[in-house]
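Below are the chains, spelled out letter by letter.
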Amino acid sequence: ISISHRIERQWKSKEKYEDCISNLCRHILDKYDMGILLVPNECKPDVYNDVSVGNKILTQFKNEPQINMLQVKQLTAQEIKNEIVRSKILVGSRYHSCVAALSGGTPTIVIGWHNKYEELLGEYGQTKWILSNEDCKSDKLIQMVDQMIHDYSGEIDIIRNKGREVKEKVIEIGEVLFKDYAE
């Protein structure tokens, strides 16, 4: 689960962001034999950031060894991406985590507030897997995760097929952008 302090400023749902994520974690721990990894993005010292959000969530799971926070300060960008891609699914509130997951073929559910999330999911044929910051509630998020787990193999196929198209577009754009440098 990529966690975000930035979404709190955009949050319009009646249920708090941390409550939605905590309730999802509790559901996953109760229903599935899965570990949960909270992935912060921003982690500047002495500032309220994604690690702060993660710590708030973790306080509700003190005796639960299956939920942890990724220590991103100790990892390279590639190591962080590898952790995301190794996940069965990503529930993402940070754009770059969602890009990492989808580009690596990992099914992704987005809790977003900006149209860039919908555009990203659209590139991979995944627009049904977005929840808005305006109407995100625990029950909707839990239902979506259960559905994603149920549809898992089909969604992987869609993401991988669309991923080939995305990579081709990126290569084409790169060739155009860097054409002058090759001459």
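In this report, the structure presented in the accompanying data block is examined. (Residues numbered from 1 in each chain as written. Predicted model: local features only at pLDDT ≥ 70, side-chain atom pairs only at ≥ 80, totals over all residues. Heavy atoms only, no water.)

### So, the packing of helix α2 (residues 17–31) against helix α7 (residues 138–150)
Step number 1: Contact pair α2 / α7: the axes reach a minimum separation of 9 Å and the direction vectors enclose 40°. On the basis of their axis angle, the class for α2 and α7 is oblique. Seen along the crossing, α2 lies across α7 with a hand that is right-handed. The residues of α7 that touch α2, namely those facing Asp-19, Cys-20, Ile-21, Asn-23, Leu-24, His-27, Ile-28 and Lys-31, are Ser-138, Leu-141, Ile-142, Val-145 and Asp-146.
Step number 2: Along the lines of polarity and charge, the residues of the contact of α2 with α7 split into 7 nonpolar, 3 polar and 3 charged. (Axes fitted to C-alpha atoms, helices over the stretch in contact; angles between N-to-C directions. Helix = DSSP H or I, 4+ residues; strand = E, 2+ residues; numbered from the N terminus. Parallel < 35°, antiparallel > 145°, perpendicular 65-115°, else oblique. Left-handed = near helix turned anticlockwise from the far one by under 90°. Contact = heavy atoms within 4.5 Å. Nonpolar A, V, L, I, M, F, W, Y, C, P; charged D, E, K, R; others polar.)

### Observations concerning the pattern of salt bridges
Step number 1: Under the definition given, this model contains 12 salt bridges.
Step number 2: The partner of Lys-128 in a salt bridge is Glu-155, with the nearest N and O atoms 3.3 Å apart. Placement of the pair is Lys-128 in the loop between α6 (115–123) and β5 (130–132) and Glu-155 in helix α8 (residues 152–177), with a sequence separation of 27 residues.
Step number 3: The salt bridge partner of Lys-162 is Glu-165, with a shortest N-O separation of 4.0 Å. Placement of both Lys-162 and Glu-165 in helix α8 is noted, with a separation of 3 residues, approximately one turn of the helix. (Salt bridge = Lys/Arg side-chain N within 4 Å of Asp/Glu carboxyl O.)

### Some remarks on the sheet that holds strand β4 (residues 108–112)
The strands making up a sheet are joined through hydrogen bonds of the backbone, oriented either antiparallel or parallel.
Step number 1: A sheet is described by the order of its strands in space; here 3 strands give the open sequence β3-β4-β5, paired in parallel fashion. Lying at the two open borders of the sheet, with one neighbouring strand each, are β3 (90–92) and β5. The sheet shows a mean angle of 15° between the axes of neighbouring strands, taken without regard to direction.
Step number 2: Of the pairings in the sheet, the one linking β4 to β5 comprises 3 bridges and is parallel in character. (Pairing = 2+ DSSP bridges.)

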